[in-house]
Amino acid sequence: MNRSARTCLTTAFNYAQDRVTFGKLLMSNQIIRHKFATMARYIKSHWAWIEQIDYHVKVRGWTDDVASHIALAKVQGGHMLELACREVQQFLGEPDISVGELAVMWNSSVAIYGVMVVGGGSEEIITDLAINQEERLTKRLRELAKKAKAQAAQPNAKL
């Protein structure tokens, strides 16, 4: 999802630097620049999250909390890709995305969006999975803390 969103952003960014609307480059419009910055912020933060999960698995292995983090990152990626597709469609306009390189990028991004977002499970199911995983982990950690506290309260027989 991240790669598709980056492809959308890059293609639209390059297009906006050449497209003239109302006698000015599309990229000179402050609102358009803000939308590009917002998309870039979402894409870069999602990528950082993916990298963080990857690093966690490499250093600590597959721990109990990894599945919930992946589930939430997937949901976030779906929102990010949806935003990228919607904004790119707005930047390019319907006539400009019907032929050529832009059409190929647009059609593949929309197809990937449908497969990636729906293919892995609906947002409601994935977020519920993440919450269930976190609840089980929290319960287990509380039980461990309770046991440790009880052991610390017992007098040491060896003294």
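If you look the protein chain up in an unreviewed UniProt entry, it shows as Acyl-CoA dehydrogenase/oxidase C-terminal domain-containing protein from Monascus purpureus.

**Q** Mind showing me how you'd approach the packing of helix α1 (residues 2-18) against helix α3 (residues 66-92) here?
**A** In helix packing, the relevant descriptors are the interaxial angle and the interaxial distance, both defined with respect to the helix axes. For the pair α1 and α3, the least separation of the axes is 9 Å and the interaxial angle reads 20°. The angle between the axes of α1 and α3 places the two elements in the roughly parallel class. Considering only the axes of α1 and α3, their crossing is left-handed. Here Asn-2, Ser-4, Ala-5, Cys-8, Ala-12 and Tyr-15 of α1 lie close against α3, whose contacting residues are Met-80, Leu-81, Ala-84, Cys-85, Val-88, Phe-91 and Leu-92. For the contact of α1 with α3, the residue count by class is 11 nonpolar, two polar and no charged.

**Q** Quick question: what am I supposed to make of α1 here?
**A** Given 3.6 residues per helical turn, the α-helix brings residues three or four places apart onto the same face. Between its first and last C-alpha atoms α1 spans 25 Å; for 17 residues at 1.5 Å apiece the expected length is 24 Å, and the two agree. Within α1 the residues assigned to the buried category are Asn-2, Ser-4, Ala-5, Cys-8, Leu-9, Thr-11, Ala-12, Tyr-15 and Ala-16.

**Q** Is there a simple way to explain the pattern of salt bridges in this structure?
**A** For side chains of opposite charge, pairing can occur when their charged atoms come near one another. Taken as a whole, this structure holds three salt bridges when the rule is applied. For Glu-87, the salt bridge identified is with Lys-35, shortest N-O distance 3.2 Å. Here Lys-35 lies in helix α2 (residues 30-60) and Glu-87 lies in helix α3, a separation of 52 residues in the sequence. Each of the two residues, Glu-87 as well as Lys-35, counts as buried. Between Asp-54 and Lys-58 there is a salt bridge, with the nearest N and O atoms lying 3.2 Å from each other. Here Asp-54 pairs with Lys-58, and both are found in helix α2, just four residues apart, close to one helical turn. For Asp-54, a relative accessible area of 34% translates into the label partly exposed.

**Q** Just to check I follow, could you spell out the nonpolar core for this structure?
**A** Proteins that are soluble and globular tend to have nonpolar side chains buried together. In terms of nonpolar packing, the biggest core is built from 22 residues, with Ala-5, Leu-9, Phe-36, Met-39 and Phe-91 touching the most fellow members. For this core, the leading source of residues is α3, giving eight residues.

**Q** Honestly, the state of the cysteines in this entry has me stumped. Any pointers?
**A** Across all of its chains, the model carries zero disulfides by this definition. Among the cysteines around Cys-8, which has no disulfide bond, Cys-85 carries the closest sulfur, lying 4.5 Å off. Looking at Cys-8, the relative accessible area reads 0%, which means it is buried. Judged by its relative accessible area of 7%, Cys-85 is buried.

**Q** Just to check I follow, could you spell out the side chain of Asn-2 for this structure?
**A** Looking at the secondary structure, you find Asn-2 in helix α1. Relative accessible area serves as the criterion here: at 4%, Asn-2 is assigned to the buried category. At 3.1 Å, the side chain of Asn-2 and the backbone oxygen of Ile-43 are in polar contact. In this view, Asn-2 contacts Ile-43, His-46, Trp-47, Ile-50 and Met-80; residues no more than four positions away in its chain are not counted.

What counts and what doesn't
- Residues numbered from 1 in each chain as written.
- Predicted model: local features only at pLDDT ≥ 70, side-chain atom pairs only at ≥ 80, totals over all residues.
- Heavy atoms only, no water.
- Axes fitted to C-alpha atoms, helices over the stretch in contact; angles between N-to-C directions.
- Helix = DSSP H or I, 4+ residues; strand = E, 2+ residues; numbered from the N terminus.
- Parallel < 35°, antiparallel > 145°, perpendicular 65-115°, else oblique.
- Left-handed = near helix turned anticlockwise from the far one by under 90°.
- Contact = heavy atoms within 4.5 Å.
- Nonpolar A, V, L, I, M, F, W, Y, C, P; charged D, E, K, R; others polar.
- Expected span 1.5 Å × (residues − 1).
- Buried < 20%, exposed > 50% of the residue type's maximum accessible area, 1.4 Å probe, protein only.
- Salt bridge = Lys/Arg side-chain N within 4 Å of Asp/Glu carboxyl O.
- Core = buried A, V, L, I, M, F, W, Y, C linked by side-chain atoms within 4.5 Å.
- Disulfide = S-S within 2.5 Å.
- Polar contact = N/O pair within 3.5 Å; in protein donor to acceptor, adjacent residues only side chain to side chain.

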